[in-house]
Amino acid sequence: MKDNSLSIFGGSGFIGGNFCKIYPNCIIQKRSDRVPKTNNILYFISTVDNYNVFKDLSLDVETNLKVLCEVMDNCKENEKTINFISSWFVYGNTKMPANEDSICLPKGFYSITKKAAEDLLISFCETYKQRYRILRLCNVMGIGDQKSSRKKNALSHMINLLKQNKEVCLYDKGSPTRDILHVADICEAIQMVCSKGEKNSIYNIGRGQSTEIGYIIEYAKKMLKSSSKIKYIDAPEFHKIVQVKDFAMDTSRIRKLGFKPKFSINNIIEELCQ
């Protein structure tokens, strides 16, 4: 067993796939695998948005909780470290900027099950004397996200609409804010936490600086010389139920490990406009 290598669960998604390309020495587990090949685990398996409630009420529970439990069931022996990829969505409507000790008030099935997964992992590791790290990612952008849509990675989706000179709708006049990193920066931060982050700890992975969605779209429109119409609309009621308007993340803990983003917000927009 190659204990120094990371066993990757969920290496086919946007972030997991990029991580495996950047760090090819990791061991990619098959989709059906539940037994880790090493004692160091990087766990990406997850649903990606809060909209499954309309088509399959149990999908978030099955994917985010049941599969995790099946993997943990094979992590009771030897000293294992489970590096769990979570999301800023777990914070919900909490006081901003959110730090790792902030009270989490998640809204929506995806958000709630991600927080429940964190809690299950912590309880499991305390029970079986295993180790964990929880990594709460900010919004992730970059080329190659084939599943971007208005539900998931909506910013990339809107830039694609600008490329086609199609109408782009913005909520609240484009004023909502998000903490955003390039996928390569995200992968570097993940590797940094997995290699030297404190065990049994939570890490916010972000820029530590929020950007208005309206700025991103206006800058992209200018870069593309797009003729798209920008339409301001009210956020749908469901969006208000499951999503916070503004998000700001405290990244002091990851910065202490030496993390510093290489891609600026403008760099990210410019790349997506190519």
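For the structure itself, consult the block above.
Each chain carries its own residue numbering, running from 1 in the direction its sequence is written. This being a predicted model, a pLDDT of at least 70 is required before a residue's local features are given, and a value of 80 or more before pairs of side-chain atoms are given or counted; all residues contribute to the totals for chains, interfaces and linings. Excluding hydrogens and water, the side-chain figures rest on all heavy atoms present in the structure.

K.L.:
I keep staring at the packing of aromatic side chains and nothing clicks. Help me out?
P.N.:
Both the distance between ring centres and the angle between the ring planes are used here to describe each pair of aromatic rings. For Phe, Tyr and Trp, rings pair up if their centres lie within 6.5 Å, where Trp contributes its six-membered ring, and each pair is then called stacked (planes under 30 degrees apart), edge-to-face (over 60) or tilted (otherwise). All told, the structure shown has 13 aromatic pairs when counted by the stated rule. Measuring from ring centre to ring centre gives 6.5 Å for Tyr51 and Phe54, while their planes differ by 40°; the resulting arrangement is tilted. Exposed residues in this analysis have more than 50% of their type's maximum accessible area, buried residues have under 20%, and partly exposed residues fall in between, with area computed by a 1.4 Å probe over protein chains only. When its relative accessible area of 16% is taken as the criterion, Tyr51 is described as buried. Relative to Phe89, the ring of Trp88 lies with its centre 4.5 Å away and its plane at 55°, an arrangement referred to as tilted. Summarising the burial analysis for this pair, Trp88 and Phe89 share the class buried.

K.L.:
What's the story with the sheet that holds strand E9 (residues 201-205) in this structure? I'm lost.
P.N.:
Strands in a sheet are paired, the pairing made by backbone hydrogen bonds, and the direction either parallel or antiparallel. What the six strands build is an open sheet, ordered E2-E1-E3-E4-E5-E9; its pairing is parallel. Two strands in the sheet have a free side with no partner beyond their single neighbour: strand E2 (27-28) and E9. Here strand E1 (residues 6-9) pairs with strand E3 (residues 40-43) via four bridges, running parallel. Residue pairing for E3: Leu6 is matched across the bridge by Asn40. For this analysis, residues touch if any pair of their heavy atoms sits within 4.5 Å. Note on geometry: axes are lines fitted to C-alpha atoms, helical ones only across the stretch in contact, with angles between N-to-C directions running from 0 to 180 degrees. Numbering goes from the N terminus for both helices and strands, where a helix is a DSSP run of H or I of at least four residues and a strand is a run of E of at least two. Running over the sheet, helix H5 (residues 183-196) touches E1, E3, strand E4 (81-87), strand E5 (131-137) and E9 and is turned about 160° from E5. Here a strand pair is declared whenever DSSP counts at least two bridges between the two strands.

K.L.:
So what exactly am I meant to see when it comes to helix H2 (residues 59-72) here?
P.N.:
Owing to its 3.6 residues per turn, the α-helix aligns residues three or four sequence positions apart on the same side. The span one expects for a helix is its residue count, reduced by one, times 1.5 Å. In this model H2 runs 19 Å from its N-terminal to its C-terminal C-alpha over 14 residues, within 8% of the 20 Å that 1.5 Å per residue would give. For H2, the complete set of buried residues consists of Asp60, Thr63, Asn64, Leu65, Val67, Leu68, Val71 and Met72. If you follow the buried residues of H2, they end up packed against E1, E3, E4 and helix H3 (109-128).

K.L.:
Help me understand the nonpolar core, please; the structure alone is not making it clear to me.
P.N.:
In summary, soluble globular proteins display a tendency toward joint burial of nonpolar side chains. As used here, the term nonpolar core means buried Ala, Val, Leu, Ile, Met, Phe, Trp, Tyr and Cys residues forming a set that is joined through side-chain atoms within 4.5 Å. Counting residues in hydrophobic clusters, the biggest one holds 38 residues, and the most contacted among them are Leu42, Leu137, Ile186, Ile190 and Ile205. Contributing elements (two or more residues each) for this core: E1, helix H1 (14-22), E5, H5 and E9. For this core, the element with the most residues is H5, which contributes eight residues. Residues contacting Leu42, with those up to four places away along its chain left out, are Leu6, Ser7, Ile8, Phe9, Phe19, Asn83, Ile85, Ile190 and Cys194.

K.L.:
For this particular structure, what's the right way to read the environment of Ala184?
P.N.:
Along the chain, Ala184 falls in helix H5. Remark: the alpha-carbon pair of Ala184 and Asn18, spanning 166 residues in sequence, is separated by 7.4 Å. Not counting residues within four places of it along the chain, the set of residues in contact with Ala184 comprises Ile22 and Phe263.

K.L.:
Sorry if this is basic, but what is going on with unusual backbone geometry here?
P.N.:
Note: most peptide bonds trans; most residues except glycine with negative phi. Between Met96 and the following residue, Pro97, the backbone shows a cis peptide bond with an omega angle of -5°. Looking at where Pro97 falls in the secondary structure, it is placed in the loop between E4 and H3. Positive phi, close to 55°, is recorded for Lys129, a residue that is not glycine. Tracing the backbone through its elements, the reader meets Lys129 in the loop between H3 and E5. Of note, the phi angle at Asn153 is positive, near 55°, even though the residue is not glycine.

K.L.:
Could you clarify how one ought to interpret helix H6 (residues 213-224) in this entry?
P.N.:
Compared with an ideal rise of 1.5 Å per residue, which puts 12 residues at 16 Å, H6 spans 17 Å between its outermost C-alpha atoms and is within 8% of the ideal. Those residues of H6 not exposed but buried are Ile213, Gly214, Ile216, Ile217, Tyr219 and Ala220. Contacts made by the buried residues of H6 are with helix H4 (154-163), strand E7 (168-171), strand E8 (177-182), strand E10 (210-212), strand E11 (230-233) and helix H9 (265-272). With its phi angle positive at about 55°, Lys225 sits one or two positions after the end of H6.

K.L.:
Whenever I open this one, the side chain of Asn139 confuses me. Can you help?
P.N.:
You can see Asn139 is positioned in strand E6 (residues 139-141). Each residue touching Asn139, except ones within four places of it in the same chain, is listed here: Trp88, Arg178, Asp179, Ile180 and Leu181.

K.L.:
For this particular structure, what's the right way to read the environment of Asn78?
P.N.:
Within the fold, Asn78 resides in the loop between H2 and E4. Exposure remark for Asn78: the relative accessible area of 53% places this residue in the exposed category. Between the C-alpha atoms of Asn78 and Asn39, which are 39 residues apart in sequence, the distance is 7.5 Å. Residue contacts for Asn78: discarding those within four places in its chain leaves Asn39 and Gln130.

K.L.:
Help me out: how do you make sense of the sheet that holds E6 in this one?
P.N.:
Taken in spatial order, the three strands line up as E6-E8-E10 in an open sheet, and their pairing is mixed. Sheet topology places E6 and E10 at the edges, where each strand pairs with a single neighbour. Ignoring which end each strand starts from, the neighbouring axes of this sheet average 55° apart. Of the pairings in the sheet, the one linking E8 to E10 comprises three bridges and is antiparallel in character. Considered in E10, the bridge of Asp179 is made with Ser210. In this fold H6 packs onto E8 and E10, with an angle of close to 60° to the strand it touches most, E10.

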